[in-house]
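# Secondary and tertiary structure notes
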Amino acid sequence: MDVKAALRAQRIETPSWAYANSGTRFKVFPQPGVPRTAEEKIADAATVHRFTGVAPSVALHIPWDKVDDYGALTAYARDLGIEIGAINTNVFQDEDYKLGSVTNPDAGIRRKATDHLLEAISIMDATGSRDLKLWFSDGINYPGQDDIRDRQDRLAAALRETYERLGENQRMLLEYKLFEPAFYATDVPDWGTSYAHCVELGEKATVCIDTGHHAPGTNIEFIVAFLLRAGKLGAFDFNSRFYADDDLMVGAADPFQLFRIMYEIVRGDALDPAYGIAFMLDQCHNIEAKIPAIIRSVMNVQEATAKALLVDRTALRAAQQAGNVLEANAVLMDAYNTDVRPLLGELRTDAGLDPDPVAAYARSGYQEKIVAERAGGTQAGWGA
Ligand code: PSV
Ligand code: MN
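Residues numbered from 1 in each chain as written. Chains lettered and ligands numbered in written order. Predicted model: local features only at pLDDT ≥ 70, side-chain atom pairs only at ≥ 80, totals over all residues. Heavy atoms only, no water.

Looking at an unreviewed UniProt entry, one finds the chain named L-rhamnose isomerase/sugar isomerase and attributed to Amycolatopsis lexingtonensis.

### Re the overall build of the chain
What the chain contains, in helices and strands, is 14 helices and 10 strands. Taking 384 residues into account, the globule formula puts the C-alpha radius of gyration at 21 Å, and the chain, at 21 Å, falls close to it. Taking the principal axes of its C-alpha atoms as reference, the chain extends roughly 60 × 55 × 40 Å. Counting across all 384 residues of the chain, residues that qualify as buried make up 54%. For the chain, contacts bridging at least 24 residues in sequence account for 78% of all contacts bridging at least 6. For the chain, the accessible area works out to roughly 16700 Å², and carbon and sulfur atoms hold 53% of it. The positive charge centre, built from 39 side chains, and the negative charge centre, built from 55, are 1 Å apart in the chain. (Helix = DSSP H or I, 4+ residues; strand = E, 2+ residues; numbered from the N terminus. Rg over C-alpha atoms; globule rule 2.2 N^0.38 Å. Buried < 20%, exposed > 50% of the residue type's maximum accessible area, 1.4 Å probe, protein only. Contact = heavy atoms within 4.5 Å. Areas by Shrake-Rupley, 256 points an atom, 1.4 Å probe, with all protein chains shown as cover. Lys, Arg positive; Asp, Glu negative; His and termini not counted. Charge placed at Lys NZ, Arg CZ, Asp CG, Glu CD.)

### Looking at the packing of aromatic side chains
Using the criterion set out here, one finds 16 aromatic pairs in the structure. Look at Trp 191 and Phe 226: their rings are 4.8 Å apart centre to centre, the planes differ by 55°, and that puts the pair in the tilted class. Of this pair, Trp 191 sits in helix H6 (residues 191-201) while Phe 226 is found in helix H7 (residues 220-229), placing the two residues 35 residues apart along the sequence. Its relative accessible area of 33% is what places Phe 226 among the partly exposed residues. Joined through ring pairs, the aromatic side chains of Trp 17, Trp 64, Phe 92 and Trp 135 make up one cluster. It is Lys 112 that lies over the ring of Tyr 97; its NZ or CZ is 5.6 Å from the centre. Sitting over the face of the ring of Phe 256, Arg 260 holds its NZ or CZ atom 4.7 Å from the ring centroid. (Phe/Tyr/Trp six-rings, centres within 6.5 Å; stacked < 30°, edge-to-face > 60°. Lys NZ or Arg CZ within 6 Å of the ring centre and 35° of its normal.)

### Here's the deal with the site of ligand 1
Surveying the vicinity of ligand 1 reveals the residues Trp 17, His 61, Trp 64, Lys 133, Trp 135, Glu 175, Lys 177, Asp 210, His 213, Asp 237, Asp 245 and Asp 282. In the model, an oxygen atom of ligand 1 is placed 2.8 Å from a nitrogen or oxygen of the Glu 175 side chain. Contact distances for ligand 1 include 3.0 Å between an oxygen atom and a side-chain N or O atom of Asp 210. Burial of ligand 1 by the surrounding chains reaches 93%, relative to a free accessible area of 310 Å². Tallied by class, the residues present in the shell around ligand 1 amount to 3 nonpolar, 2 polar and 7 charged. (Near = heavy atom within 4 Å. Polar contact = N/O pair within 3.5 Å; in protein donor to acceptor, adjacent residues only side chain to side chain. Nonpolar A, V, L, I, M, F, W, Y, C, P; charged D, E, K, R; others polar.)

### Digging into the coordination of the manganese ion (ligand 2)
Those protein atoms acting as donors to the manganese ion (ligand 2) are Glu 175 (OE), Asp 210 (OD), Asp 237 (OD) and Asp 282 (OD), and they sit at 2.1 to 2.2 Å. Classification of the site at the manganese ion (ligand 2) as octahedral follows from its 6 donor atoms and the range of 72 to 165° in their angles at the metal. For the manganese ion (ligand 2), the donor residues sit on a single chain with the sequence spacing E-x34-D-x26-D-x44-D. Of the two residues, Asp 237 is situated in strand S9 (residues 233-238) and Asp 282 in the loop between strand S10 (278-281) and helix H9 (290-310); the sequence distance between them amounts to 45 residues. Judged by relative accessible area, which is 0%, Asp 237 ranks as buried. (Donors = N, O, S within 2.8 Å, 3.2 Å for Na, K, Ca; no water. Tetrahedral: all angles 85-135°; square planar, octahedral: opposite > 155°, others 65-115°.)

### Focus on the nonpolar core
Formed by 98 residues in total, the largest nonpolar core has its most connected members in Phe 136, Phe 236, Phe 238 and Ile 265. If you tally residues by element for this core, the top one is H9, at 10 residues. In this view, Phe 238 contacts Thr 211, Val 250, Leu 258, Ile 261, Met 262, Phe 279, Met 280, Leu 281, Asp 282, Gln 283 and Val 301; residues no more than four positions away in its chain are not counted. (Core = buried A, V, L, I, M, F, W, Y, C linked by side-chain atoms within 4.5 Å.)

### Description of the packing of H9 against helix H13 (residues 357-364)
Orientation of H9 relative to H13, taken along the N-to-C sense of each, is 160°, at an axis distance of 9 Å. Classified by the angle between their axes, H9 and H13 sit roughly antiparallel to one another. In this structure, the crossing between H9 and H13 has a hand that is right-handed. Within the contact between the two elements, H9 uses Ile 291, Pro 292, Ile 295, Arg 296 and Met 299 and H13 uses Pro 357, Val 358 and Tyr 361. Within the contact of H9 with H13, the residues separate by chemical class into 7 nonpolar, no polar and 1 charged. (Axes fitted to C-alpha atoms, helices over the stretch in contact; angles between N-to-C directions. Parallel < 35°, antiparallel > 145°, perpendicular 65-115°, else oblique. Left-handed = near helix turned anticlockwise from the far one by under 90°.)

### Brief notes about the side chain of Glu 175
Note that Glu 175 resides in strand S6 (residues 171-175). Reaching out from Glu 175, the side chain makes a polar contact with the side chain of Lys 133 at a distance of 3.3 Å. Apart from residues no more than four positions distant in its own chain, Glu 175 is found in contact with Lys 133, Leu 134, Trp 135, Val 188, Cys 208, Asp 210, His 213, Asp 237 and Asp 282.

### Quick notes on helix H2 (residues 38-52)
Across its 15 residues, H2 extends 21 Å between first and last C-alpha, which sits within 8% of the 21 Å expected from 1.5 Å per residue. A large share of H2 lies buried, amounting to 13 of its 15 residues. Downstream of H2 by a residue or two, Gly 53 has a phi angle that is positive, lying close to 75°. (Expected span 1.5 Å × (residues − 1).)

### Thoughts on the pairing of strand S8 (residues 205-210)
In terms of burial, S8 is a largely internal element, 6 of the 6 residues being buried. Pairing analysis gives 4 bridges linking S6 to S8, with the strands arranged parallel. Of the residues in S8, the one forming a bridge with Leu 173 is Thr 206. Bridge count between S8 and S9: 4 bridges; the pairing is parallel. Bridge pairing in S9 places Ile 209 opposite Phe 236. In this region the chain leaves S8, passes through H7 and returns to the parallel neighbour S9; the handedness of that crossover is right-handed. (Pairing = 2+ DSSP bridges. Right-handed = clockwise from strand over helix to strand, strands pointing away.)

Rendered as structure tokens:
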């Protein structure tokens, strides 16, 4: 395996909303220079790509990134050297969705929610985006509040209608989340539920794993291996968690877990962009500077990937076959304990980039420029 070639080909998508203000339900701390428009978010995403060389697309979230002319927005992104990535839908911030969106007991509200999903596909048509990403906050807070099985039927019907509208080269990514905001029963709580709906829908529907959406102790690399085997892994929303959906920088809380996930990707020959997995970040930078945090996150994914690529798979297989438990574990740990920063620095230098993207960004003057230029107006936020 040519480790450098694999790392050169790697692609990581950044989320428009990570460039905007965010916070917890207690407080949003605004930062100077934060984008006010979709264009400014795209400019920041293009900046991350300029310093890392591996983040050539940006995911949009509708309506947070709603514009009148998506063709013009796409052209603007292309001029800056990036593409529009996944279109994320938002059926979780409207008054009507208090009791759910596509699973709401009210048919009129279900219609409204499904229409939003269809509208997102029109935006994909206009932007050339491949992926429709669906996450539903739907669920119930109290036993008896609604019929759990009826809600599955309503979900399936909305997904079917949306799926049928997908174009030839378009895909649906169905994300799951253990809990929040529905605390008693969530309608798509786990990978199994997402997987089952995707199988029912057809080959264009695949599962999106958000690394923050699991119970503590969940073996995420097992889920990766299972879904790859079934041909149903479509995407990642990368981030880090200590407790719940913390949305901290990927690879910050548990870099070993990220390595184990990336090892399964390498093991499944699924790293190459041609395989079709969208490696996206879904993060919030509440107290740290956003652009360097996103650059750092991209680098964290690269580091975990490089270590995964360095696993001596022949030695690992031999140890596994021989039942040599300690040796098999040691082969994996050897790769994890390798310092891959010099390798990645070399790779960047070869590509004409600075080997230290965070330092290069700090020296570039971009941060000072956006702070000076983005005065006035309303800063973007994800609405916490
Ligand atoms: C939900 O927690 C989620 O992970 C979904 O991907 C949303 O689109 C995103 O966060 C919003 O930040
Ligand atoms: Mn997510």
